[in-house]
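Per-entry structural report
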Amino acid sequence: MDTKNDAFEQEMEAGLANPAEAERASDGTLAVTEQNADCCFDPVLFAMKDRYHHFSIGLLTILECLKFAEDEGHVPPLPPQWWIDIDVRYNLNL
């Protein structure tokens, strides 16, 4: 019995049962967190929450996830020039 794998699967199932969503300001716009220059290099940090936590996710992480979703066929392909522009702007090497 592979207990490491079982524990990982249980953790993943728990995470899927607790999806995150973007926090919204009182006017309904997406909440953006204040950035500390010492903490990260993301140009934008989005305020997120799940049932138990408040946390942030950076634009660069979202772009990496979008590229993964595109590569896996879960979203329609974006124009190649768009990805080139993103790479030039953020140096993601996607």
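All values reported here derive from a predicted model rather than from experimental measurement.

Quick notes on the rules
- Residues numbered from 1 in each chain as written.
- Predicted model: local features only at pLDDT ≥ 70, side-chain atom pairs only at ≥ 80, totals over all residues.
- Heavy atoms only, no water.
- Salt bridge = Lys/Arg side-chain N within 4 Å of Asp/Glu carboxyl O.
- Helix = DSSP H or I, 4+ residues; strand = E, 2+ residues; numbered from the N terminus.
- Buried < 20%, exposed > 50% of the residue type's maximum accessible area, 1.4 Å probe, protein only.
- Phe/Tyr/Trp six-rings, centres within 6.5 Å; stacked < 30°, edge-to-face > 60°.
- Lys NZ or Arg CZ within 6 Å of the ring centre and 35° of its normal.
- Core = buried A, V, L, I, M, F, W, Y, C linked by side-chain atoms within 4.5 Å.
- Expected span 1.5 Å × (residues − 1).
- Contact = heavy atoms within 4.5 Å.

Some points on the pattern of salt bridges
Pairing is possible between side chains that carry opposite charge, provided their charged atoms lie close to one another. One pass over the full model with this rule turns up 2 salt bridges. Lys67 is paired through a salt bridge with Asp71; the nearest N and O atoms lie 3.2 Å apart. Pair noted here: Lys67 and Asp71 are both in helix H2 (residues 59-71), with a separation of 4 residues, about one helical turn. For Lys67, a relative accessible area of 16% gives the class buried. Residue classification places Asp71 among the exposed residues on the basis of a relative accessible area of 53%.

What to know about the packing of aromatic side chains
Tallied over the entire structure, the rule returns 1 aromatic pair. When the centroid spacing of 4.8 Å and the interplanar angle of 85° are considered together, the rings of Trp82 and Trp83 count as edge-to-face. Accessibility expressed as a relative area gives 11% for Trp83, which makes it buried. Taking the ring centre of Trp83 as reference, the NZ or CZ of Lys67 above it sits at 5.2 Å.

A word on the nonpolar core
Inside soluble globular proteins, nonpolar side chains tend to come together where they are buried. Within the largest apolar cluster, 8 residues are counted, these being Phe46, Met48, Leu59, Leu60, Leu63, Trp83, Ile86 and Leu92. Counting residues per element, this core draws most heavily on H2, at 3 residues.

Section: H2
The end-to-end C-alpha distance of H2, which contains 13 residues, comes to 18 Å, matching closely the 18 Å that a straight helix rising 1.5 Å per residue would cover. Inspection of H2 places Leu59, Leu60, Leu63, Lys67, Ala69 and Glu70 among the buried residues, and these make up the whole buried set. Structurally, H2 contributes buried residues whose contacts are with strand S2 (45-49), strand S3 (54-58) and helix H3 (80-90). Within two residues after H2, Gly73 carries a phi angle of roughly 80°, on the positive side.

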